[in-house]
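Coordinate analysis (summary)
Here are the chains, one letter per residue:
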Amino acid sequence: MKKIVTILILCMSQIANAQPIKITVPFAVGGAFDVVSRMYAKFAEKEINKDFMIENVVGAGGIIGTKHHLKSSPNNLMITSSSFYSHIIREDFKLNEFMPVSIIAEAPLFLLVNKSKNLTCEKLRVPNIKYSIGSNGKDSITSVPANFVIEKYPNVLEIPYKGMSQAAMDLLGNHIDAMFISGFGLYRPEFDILATTAKKPFDKIMTLKDCLGIEKTVQTQWLVFASPGSSEDFIRQINLLTIKFVNDKETRMYFKDNGMLSTAGPLSTVSRELTNELEDWTNRLSEDDLKYYLETVCNRGNIDISSLPISESMDIDRLNAIYKRFTYIKQNIIKVPIKDSRGNIRY
């Protein structure tokens, strides 16, 4: 009987070890995050002699895939974008639900147009012409710079997609005028790159400031999280594996060709880096939203939206969304100056 129990335990251990490590990617096949995730899985399989499986779970700018990840069994992974920070600020998820493992890399985004339309920065600045920009969904990483443009040019409309591959096809067919991409995976010879969201010009590509007069900048990160309940040993192993991955020759070449900077570091630094980036994201709130919030809420000396008298000119949905974000920032990240009913600044 003792031998049978021992054999059963060994068999169960082998079965458990045979289960592939699943990597949830909250974005469509073919995009920058899918490509890097597949490169990572291929590298990891060789390094630790274990199968990895990519699961593309798309929708809602990454929210559906992130929910899927949080329901995954322990010792699985998710590789996602900086839209993660937007979801935390909006309270779609709580930061303590996640187990950070590594930040693989970061890169600016690039504004693409179809060459056949002969669109230039000067033409996009014309205020009385309607333009459309494709994104990977509201609050996705590609939606962020699209909204930078919309804030400055109200004649521009965002068209959300469930995957940037479809947006690229529509750009190719001239169904949309422009789109932002992370990396050059979706770039085609038929496209022109007008600008980058980086602070400085990249490979002779001008910045959004030089192109459209937009001061704001943004970069996306490739973030790695372990599923809830993952073991400390698993997290440490994946962190070390990620550091090896970014130093691999093939990886370095891909990063260089796609404007990506390796950022993978020791596990002890990951949480701090996430917190710092989250704080930076709170500072990217729209100036219009800030002005609207202060005028309609703070300057009335009452920050309880439910008690405000509702007027026809007041966009209550927008107020509620902004209020949630500012409340989160005030309580968790930074101190936000608020005017009371007497005009005094308080925190």
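Procedures and definitions
Residues numbered from 1 in each chain as written. Predicted model: local features only at pLDDT ≥ 70, side-chain atom pairs only at ≥ 80, totals over all residues. Heavy atoms only, no water. Core = buried A, V, L, I, M, F, W, Y, C linked by side-chain atoms within 4.5 Å. Buried < 20%, exposed > 50% of the residue type's maximum accessible area, 1.4 Å probe, protein only. Contact = heavy atoms within 4.5 Å. Helix = DSSP H or I, 4+ residues; strand = E, 2+ residues; numbered from the N terminus. 1 Å grid on protein atoms, 1.4 Å probe; cavity = no way out; pocket = protein on both sides within 12 Å on 5 of 7 lines; lining within 4 Å. Points joined across faces, edges and corners; volume = space filled by probe spheres on them. Nonpolar A, V, L, I, M, F, W, Y, C, P; charged D, E, K, R; others polar. Polar contact = N/O pair within 3.5 Å; in protein donor to acceptor, adjacent residues only side chain to side chain. Phe/Tyr/Trp six-rings, centres within 6.5 Å; stacked < 30°, edge-to-face > 60°. Pairing = 2+ DSSP bridges.

Core analysis: the largest hydrophobic core is formed by 40 residues, its most contacted members being Phe98, Leu111, Val149, Phe180 and Leu212. Sequence-distant contacts of Leu212, that is, excluding residues within four places in its chain, are made with Leu111, Cys121, Leu124, Arg125, Val149, Lys152 and Tyr153. Within the second largest apolar cluster, 33 residues are counted, among which are Val25, Phe33, Met39 and Ala105.

This part takes up the environment of Glu151. In this structure, Glu151 sits in helix 6 (residues 143-152). Sequence separation between Glu151 and Ile214 is 63 residues, and the spatial gap between their C-alpha atoms is 9.4 Å.

Next up on the list: empty space enclosed by the protein. As enumerated under the stated definition, the model contains two cavities of 30 Å³ or more in all. Its volume calculated, the largest cavity comes out at about 200 Å³. Contributions of two or more residues to the lining of the largest cavity are made by helix 2 (32-48), helix 7 (164-172) and strand 7 (178-182). Together, Leu111, Leu124, Tyr131, Ile133, Val149, Val156, Ala178 and Leu212 line the second largest cavity. Of the residues contributing to the lining of the second largest cavity, the split by class is eight nonpolar, no polar and no charged.

Our focus in this paragraph is the side chain of Thr142. Secondary-structure assignment places Thr142 in the loop between strand 5 (131-135) and helix 6. Relative accessible area serves as the criterion here: at 4%, Thr142 is assigned to the buried category. Engagement of the side chain of Thr142 in a polar contact is seen with the backbone nitrogen of Asn136, the distance being 2.7 Å. When near neighbours in sequence (up to four residues on either side) are disregarded, Thr142 contacts Leu109, Ser135, Asn136, Met164 and Phe180.

This paragraph deals with the packing of aromatic side chains. In total, this model carries 10 aromatic pairs according to the counting rule given. Centroid distance Phe33 to Trp222: 4.6 Å. Interplanar angle 25 degrees. Geometry classified as stacked. Taken together, the residues span a long stretch of sequence, with Phe33 in helix 2 and Trp222 in strand 9 (residues 219-226) at a distance of 189 residues. Feature note: the residues Phe84, Tyr85, Phe93, Phe98 and Phe225 constitute an aromatic cluster, connected by ring pairs.

Attention now goes to the pairing of strand 7. With respect to burial, strand 7 is a largely interior element, five of its five residues being buried. Of the two faces of strand 7, the one holding Ala178, Phe180 and Ser182 and the one holding Met179 and Ile181 are both buried throughout. Pairing of strand 4 (residues 99-114) with strand 7, which is carried by five bridges, proceeds in the antiparallel orientation. When the sheet's bridge partners are listed, Leu111 is paired in strand 7 with Phe180. Sheet topology places strand 5 next to strand 7; two bridges connect them, and they run parallel. From the neighbouring strand, Ile133 faces strand 7, where its bridge partner is Ala178.

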